[in-house]
Amino acid sequence: MFGYITINKSELKFREFDVYHSYYCGLCKCLKKQSGVLGQMTLSFDMTFAALLLSSLYEPENEIRHCRCLAHPIGKHLMCRNSIMDYLADMNILLTIHKCEDDWKDERKLHRKLYGDLLEEQSEKIKIKYHAKDEAICSKLRRMAELEAEKSNDIDKMAGLFGEIMGEVLAYREDEWTDNLRAVGYHLGKFIYILDAYDDLIKDEKKKNYNPLIVRKNEKDFEDEVQAILTVIMSDCCREFELLPIVENVEILRNILYSGVWSRYEEIKAERNKGKK
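Notes on the structure follow. (Residues numbered from 1 in each chain as written. Predicted model: local features only at pLDDT ≥ 70, side-chain atom pairs only at ≥ 80, totals over all residues. Heavy atoms only, no water.)

### Description of the overall build of the protein chain
Moving on, step 1. Tallying secondary structure elements over the protein chain gives 11 helices and 2 strands in all.
Moving on, step 2. Every one of the 277 residues in the protein chain was classed for burial, and the buried ones make up 52%.
Moving on, step 3. A sequence separation of at least 24 residues applies to 71% of the contacts in the protein chain between residues at least 6 apart.
Moving on, step 4. When the accessible surface of the protein chain is totalled, it reaches about 13700 Å², and 53% of it is carbon and sulfur. (Helix = DSSP H or I, 4+ residues; strand = E, 2+ residues; numbered from the N terminus. Buried < 20%, exposed > 50% of the residue type's maximum accessible area, 1.4 Å probe, protein only. Contact = heavy atoms within 4.5 Å. Areas by Shrake-Rupley, 256 points an atom, 1.4 Å probe, with all protein chains shown as cover.)

### Digging into the nonpolar core
Moving on, step 1. If you look at the biggest cluster of nonpolar residues, it comprises 78 residues, and the most contacted ones within it are Ile5, Leu53, Leu88, Phe191 and Met234.
Moving on, step 2. Elements with a minimum of two residues in this core: helix H1 (14-40), helix H2 (45-58), helix H3 (83-107), helix H6 (131-149), helix H7 (155-170), helix H8 (178-199), helix H10 (222-242) and helix H11 (250-276).
Moving on, step 3. Apart from residues no more than four positions distant in its own chain, Leu88 is found in contact with Leu27, Met47, Ala50, Ala51, Leu54 and Val169. (Core = buried A, V, L, I, M, F, W, Y, C linked by side-chain atoms within 4.5 Å.)

### Here we look at the pattern of salt bridges
Moving on, step 1. Inspection of the entire model under this criterion finds 14 salt bridges.
Moving on, step 2. A salt bridge links Glu174 to Arg182; its shortest N-O distance comes to 3.7 Å.
Moving on, step 3. The exposure class of Glu174 is exposed, given its relative accessible area of 65%.
Moving on, step 4. In this structure, Arg216 engages Glu225 in a salt bridge whose closest nitrogen and oxygen atoms are separated by 3.1 Å.
Moving on, step 5. Counted as one network, the salt bridges with shared partners bring together Lys133, Glu168, Glu174 and Arg182. (Salt bridge = Lys/Arg side-chain N within 4 Å of Asp/Glu carboxyl O.)

### Some details on the packing of H8 against H10
Moving on, step 1. Look at H8 against H10: their axes get within 8 Å of each other, and the N-to-C directions meet at 160°. As the angle between them shows, H8 and H10 are arranged roughly antiparallel. As H8 packs across H10, the resulting crossing turns out to be left-handed. On the side of H8, the interface is formed by Asn180, Ala183, Val184, His187, Leu188, Lys190, Phe191, Ile194, Leu195 and Tyr198, while H10 contributes Phe222, Glu223, Val226, Ile229, Leu230, Ile233, Met234, Asp236, Cys237, Glu240 and Phe241.
Moving on, step 2. Across the contact of H8 with H10, the residue classes break down as 15 nonpolar, 2 polar and 4 charged. (Axes fitted to C-alpha atoms, helices over the stretch in contact; angles between N-to-C directions. Parallel < 35°, antiparallel > 145°, perpendicular 65-115°, else oblique. Left-handed = near helix turned anticlockwise from the far one by under 90°. Nonpolar A, V, L, I, M, F, W, Y, C, P; charged D, E, K, R; others polar.)

### Digging into the packing of aromatic side chains
Moving on, step 1. Taken as a whole and judged by the stated rule, the model has 9 aromatic pairs.
Moving on, step 2. Centroid distance Phe162 to Tyr193: 6.5 Å. Interplanar angle 45°. Geometry classified as tilted. Pair noted here: Phe162 is in helix H7 and Tyr193 is in helix H8, with a separation of 31 residues, a long-range link. The exposure classification of Phe162 matches that of Tyr193, with both residues buried.
Moving on, step 3. Chaining the aromatic ring pairs together yields one cluster made of Phe191, Tyr198, Phe222, Trp262 and Tyr265. (Phe/Tyr/Trp six-rings, centres within 6.5 Å; stacked < 30°, edge-to-face > 60°.)

So yeah, pure geometry; function would need other evidence.
This is how it looks when you write it as structure tokens:
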């Protein structure tokens, strides 16, 4: 995944950060259980947000304990696991495989192809278990590939397709909250796609990779336009989020949606301006 949907650590209470980290750690454990160390390497902040969101909404039974790991070998830390994280670990593996395929097609990154092939060997049971979701995700990715081949500059259409993929991931089950979760995922996916395109703009232009923002980069108000688009998308996402009856961990989730994503955007913007100079 991309790692854009993250916390603003400086604005979290110590207890809230410990809770957030426990979900990050729990998802890491689930990935290792599903696909070993290769699975752990797919861990991302984006999917940690999904784990926190769905767990706070559906309140599954949690396994909470203190543990050590290679990343934190000295002191024990809190770890939280549940059935929703098992589901998201599977979704993360599927998305990573498809991302590796995309990296190979776009940039001929051999290490990404090899990594994707290794994950593919362990993912057959996941594709069988979640056949409908895998088919839905693949259909959107195929359409994105077609638009890329056409060199489409329609950033809204491309971002919308990725948004539909994220909506499919967040639609954990069919119930009264499915539409809201799909909408949250849709707007998150659009935000991620556009921010990723903005982040990779200089690199993609240099390497002649596809990026639908390249055609607009010399426009006078380009920077303001990107920020305005991202603001509208995240506003829509937050509106849908606030319709969900979430009480537990709601302040952590709001920290991510109202502050964390913008901290990440400002980092990318500063790095881009530095690169241009």
